[in-house]
Amino acid sequence: MFRQILFTQLRWTRTMIAAMAVLTFLTPAMAWWLGATRVLNPLSPRAIMAGFQSVSMILIITSLLGAFLVAAYPWTQDAAAKHVLPLSLPVTWRHYVAMRFGAGALTLVLPALTLWLGSVATLALIEIPSTLRAYPGTLALRFLLATLMAYSGTFALQYIAGRRSAIVMLVVLLGGLVLGLVLQFAGLNFIVERFFEFLTTSPGPLAVFAADWKLVDV
Amino acid sequence: MSERARVLRRRLCACALVAGGLGVAGPVRAQSDLEALKARAETAKVRSAAATAAYRTASARARMARSDTVRAAGLEVIVVPRLGSALENARLADGLERGRSLLRQRWGSAADVLVDTTSWRLVGSQWRLASLQALTLASGQAGRRTSIEVRRPIDPARVERFVLRHAGTNITRAIPALEGFAGTDLPLDEPPETYETAARELALSWSSPARRCYAGSIPDCRRILTRAHGQSRLDIWYDPADHRAVATAHAGDIVPTDTVRHRLRKRCNDGEDAACTALMRSFPEARFPLSTNPRATFVSHALARSDSAAFSRLRAAPAEGTPDVVALLSGATGISEDSLIAGWRDRAHDTLSRSRPPALPLVAGTAVWGLILFGISTRRRPS
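Since the structure is predicted, the reported quantities are computational estimates derived from the model, not experimental observations. (Residues numbered from 1 in each chain as written. Chains lettered and ligands numbered in written order. Predicted model: local features only at pLDDT ≥ 70, side-chain atom pairs only at ≥ 80, totals over all residues.)

1. Focus on the overall build of chain A
Alright, step 1. Helices and strands together make up the secondary structure of chain A, namely 10 helices and 2 strands.
Alright, step 2. Element order for chain A, N to C, with α for helix and β for strand: α-α-α-α-α-α-β-α-α-α-α-β.
Alright, step 3. Taking the principal axes of the C-alpha coordinates as reference, chain A spans close to 65 × 55 × 25 Å.
Alright, step 4. Across the 218 residues that make up chain A, the buried fraction comes to 37%. (Helix = DSSP H or I, 4+ residues; strand = E, 2+ residues; numbered from the N terminus. Buried ≥ 20, exposed ≤ 12 C-beta atoms within 10 Å, placed from the backbone.)

2. Notes on the overall build of chain B
Alright, step 1. Assigned secondary structure in chain B consists of 17 helices and 5 strands.
Alright, step 2. Buried positions account for 33% of the 383 residues belonging to chain B.
Alright, step 3. In chain B, of all internal contacts separated by at least 6 residues, the share reaching a separation of at least 24 is 60%. (Contact = placed C-beta atoms within 7 Å.)

3. What to know about the packing of helix α6 (residues 109–124) of chain A against helix α7 (residues 136–161) of chain A
Each pair of packed helices can be summarised by the angle the axes make with each other and by the distance between the axes.
Residues and elements named next belong to chain A.
Alright, step 1. Contact geometry of α6 with α7 gives a least axis separation of 9 Å together with a crossing angle of 155°. The angle between α6 and α7 falls in the class roughly antiparallel. For α6 against α7, the interelement crossing comes out right-handed. Across from V109, P111, A112, L115, W116, S119, V120 and L123 in α6, the residues of α7 making contact are P136, G137, L139, A140, F143, L144 and T147.
Alright, step 2. Here the residues of the contact of α6 with α7 sort into 12 nonpolar, 3 polar and no charged. (Axes fitted to C-alpha atoms, helices over the stretch in contact; angles between N-to-C directions. Parallel < 35°, antiparallel > 145°, perpendicular 65-115°, else oblique. Left-handed = near helix turned anticlockwise from the far one by under 90°. Nonpolar A, V, L, I, M, F, W, Y, C, P; charged D, E, K, R; others polar.)

4. What to know about the confidence of the model for chain B
Alright, step 1. On average, chain B scores 81 in pLDDT, and the residues at 70 or more come to 86%.
Alright, step 2. Overall fold confidence for the complex sits at a pTM of 0.75, while the interface term, ipTM, reaches 0.87. (pLDDT = per-residue confidence, 0-100.)

5. Digging into unusual backbone geometry
Alright, step 1. The omega angle of the peptide bond from S202 of chain A to P203 of chain A is 10°, so this bond is cis rather than trans.
Alright, step 2. Within the element layout of this structure, P203 of chain A appears in the loop between α9 (189–200) and α10 (207–210).
Alright, step 3. A positive phi angle, close to 50°, is found at E190 of chain B, a residue other than glycine.
Alright, step 4. Summarising the element assignment, E190 of chain B is placed in the loop between α5 (171–174) and α6 (192–204).
Alright, step 5. What makes E190 of chain B partly exposed here is the crowd of 19 C-beta atoms within 10 Å.

6. Points about helix α3 (residues 54–80) of chain A
Residue and element names in this part refer to chain A.
Alright, step 1. An ideal rise of 1.5 Å per residue puts 39 Å on 27 residues; α3 measures up with 39 Å between its terminal C-alpha atoms.
Alright, step 2. Of all the residues in α3, the buried ones are V55, S56, L59, T62, S63, G66, A67, V70, A71, P74, W75 and D78.
Alright, step 3. Those residues of α3 that are buried are in contact with α1 (2–35), α4 (84–88), α5 (93–107), α6 and α7.
Alright, step 4. Note on α3: the residue one or two positions beyond its end, K82, has a positive phi of about 55°. (Expected span 1.5 Å × (residues − 1).)

7. Comments concerning the environment of A81 of chain A
All names here are of chain A.
Alright, step 1. The residue A81 is located in the loop between α3 and α4 in this model.
Alright, step 2. The exposure class assigned to A81 is exposed, which follows from the 10 C-beta atoms found within 10 Å.
Alright, step 3. In the structure, A81 is positioned 47 residues away from L34 in sequence and 45 Å away in space, judged by C-alpha atoms.

8. A short note on the interface of chain B and chain A
Alright, step 1. Counting from both sides, the interface comprises 39 residues of chain B and, opposite them, 36 residues of chain A.
Alright, step 2. Elements supplying a minimum of two residues to the side of chain B that touches chain A: α3 (128–131), α6, α7 (208–215), α10 (243–249) and α17 (359–377) of chain B.
Alright, step 3. No other element matches the 14 residues that α17 of chain B contributes to the side of chain B that touches chain A.

9. Some remarks on the pairing of strand β1 (residues 68–72) of chain B
Residues and elements named next belong to chain B.
Alright, step 1. Relative to strand β2 (residues 75–79), β1 runs antiparallel, the two sharing 5 bridges. Within β2, the position partnered with R71 by the bridge is E76.
Alright, step 2. In textbook terms, the turn of a hairpin is the stretch between consecutive antiparallel strands, and for β1 and β2 this stretch comprises 2 residues, one of which, A73, has a positive phi near 50°. (Pairing = 2+ DSSP bridges.)

10. Some words on the packing of helix α13 (residues 292–304) of chain B against helix α16 (residues 337–355) of chain B
Residues and elements named next belong to chain B.
Alright, step 1. Packing of α13 against α16 brings their axes to within 10 Å, and their N-to-C directions diverge by 115°. Every pair of crossing elements has a handedness; the one defined by α13 and α16 is right-handed. Residues T297, F298, H301 and A302 of α13 touch α16, and the partners they reach there are L340, G343, W344, R347 and A348.
Alright, step 2. Among the residues making up the contact of α13 with α16, the classes are represented as 5 nonpolar, 3 polar and 1 charged.

11. Considerations on the environment of R211 of chain B
Alright, step 1. Examined against the element boundaries, R211 of chain B turns out to sit in helix α7.
Alright, step 2. Judged by C-beta crowding, with 25 C-beta atoms within 10 Å, R211 of chain B ranks as buried.
Alright, step 3. Here the alpha-carbon distance between R211 of chain B and V46 of chain B, two residues 165 residues apart in the chain, equals 61 Å.
Alright, step 4. Apart from residues lying up to four places away in sequence, R211 of chain B is in contact with P45, P129 and T131 of chain A together with L202, A203 and S205 of chain B.

12. Some thoughts on the confidence of the model for chain A
In low-pLDDT regions, the fine details of the predicted coordinates are not to be read closely.
Alright, step 1. Across chain A, the average pLDDT comes to 88, with 97% of residues at 70 or higher.
Alright, step 2. Here α4 of chain A stands out as the element of chain A with the lowest mean pLDDT, 79, in contrast to α6 of chain A, whose mean of 96 is the highest.

13. Describing the sheet that holds strand β4 (residues 134–138) of chain B
All names here are of chain B.
Alright, step 1. Ordered by their spatial adjacency, 5 strands build an open sheet running β1-β2-β3-β4-β5, and the pairing between neighbours is mixed. Each end of this open sheet is capped by a strand with a single partner; those strands are β1 and β5 (147–151). Across this sheet, the average inter-strand angle for adjacent strands is 25°, counted without regard to direction.
Alright, step 2. Note that strand β3 (residues 120–123) and β4 share 3 bridges and pair antiparallel. What sits directly across from V123, in β4, is T136.

14. Some words on the pairing of β4 of chain B
Residues and elements named next belong to chain B.
Alright, step 1. Burial of the side chains of β4 is restricted to one face: L135 and L137 are buried, whereas none of A134, T136 and A138 on the reverse face is.
Alright, step 2. Two strands pair when backbone bridges link them, and β4 and β5 are joined in this way by 5 bridges, in the antiparallel orientation. Pairing of A138 across the sheet is with S147, part of β5.

15. What to know about α1 of chain A
Alright, step 1. Taking 1.5 Å as the rise per residue, α1 of chain A with 34 residues should run 50 Å; its terminal C-alpha atoms sit only 44 Å apart, a clear shortfall.
Alright, step 2. A maximum bend of about 70° is found in α1 of chain A at T13 of chain A. (Bend = angle between axes of the 7 residues up to and from the residue.)

Have a look at this one:
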């Protein structure tokens, strides 16, 4: 049954996954082309670091947007049929959701793989100075983790809030913003700082987004 | 002229005189009013400033009247009473003791000149609730005041580090020979970030000797730590192959009206090496390959390994005519130049290697959060 669900997941999201894969494959080369070709000494260590600087931003946006679409679209397809298929299957709801979750997560491995391939291909064309090291595997792993984290968040929101997920997300974001401002004005900004620290440092849920996303580093 | 005409003429003259008088008197009176108003405004300003100063003095006195004083190791910290201050004041005193005794342990009483003994302050934020979270500890010395945020409950180790850091800001006063090489703030508390930054600077420098130093070449480290003067300094710090990179990196500093440098820059961009060298040499303060931070870490690394006699010898070194800081530190500490340099380079290199976060906690964290979110998503079943 998992194979069937994976097949439908791939059919529904193939365009998104393919777009993500192409984008991640091209990201290192694009970043290099945008960044380093404008520098007069493109082979100096600083220029190489600067050349790949935009990689992190492009990949974070791709992971957030791609994961959101891959999680939300299959749910909307199921909801359009009022979830008749999953409810009529001889498995529990929890089992069905687990298979749907796993199928989506599995498809997200492909863009991470193409990112690794794209990084290796781009780095093969550049002479890296001896003081620098390339981290294509680490970058691809970070991208995969970030995508899975964003996917899990969107998936949970979609399956809990259903059609109201956009409203719930908006309310949570606005509520957080207002609460943050109130605490700031009350002189309790350390609570906000601590909360962000918890979110963005390991093992917080957003730690992977705040981690180092450098393809080349010392 | 008839009598009537004469009377009429007199009246006209009188009217003209009155009108003229009125016309002149108005502006004159307005001018004097303005002057008076200005004088009153000035007086009010002076009074207001005096009143503000008096208020500030009274308010400071009132605060002082409410404040406690923590004394430890010859230092004095004025603290405002707060919840749990008895315990925290003891921790503060402990930190001060530890910091001061560490300095004395390293360099004996000669290090006393590094510590500002005027009253320090431990103050909270203007927001009372924020003061529950953290306080600010500041040294009292005007001009070189240093401060640090101390999270509550106060950790004596943090206070100890602050005493060292504070001492580091006074190091060039105590050892003038280091002035100009290591900057004014010496990281005597040796935070890992400074060594990490030093390693990064070495690895990313425009200078090939600096990059070879990062890779482990001690003679090249020696080259880039030399404080040379004159035109020859660039030949010491850079290889000829680096000239293009240095020149183009600083080309942004050329002002639009500087046609000579612009011509050199164009020729350099066209591939003429001699023009690149000339352009690089034309920058007046060109260009120590390292900022003061790595150099300061080198000095603090050497000082941390020196004894009290070494500190006294460094204090006695003349400020002028001592361009070679490596030789100076080596002579004072009794450690060979190569060992000193190798120790510093290895430490920077190792600190940078350790600063890279391992991937495993990130993978584990993501897996746990993914499972939690998956668990949440199965909670609601559509009907």
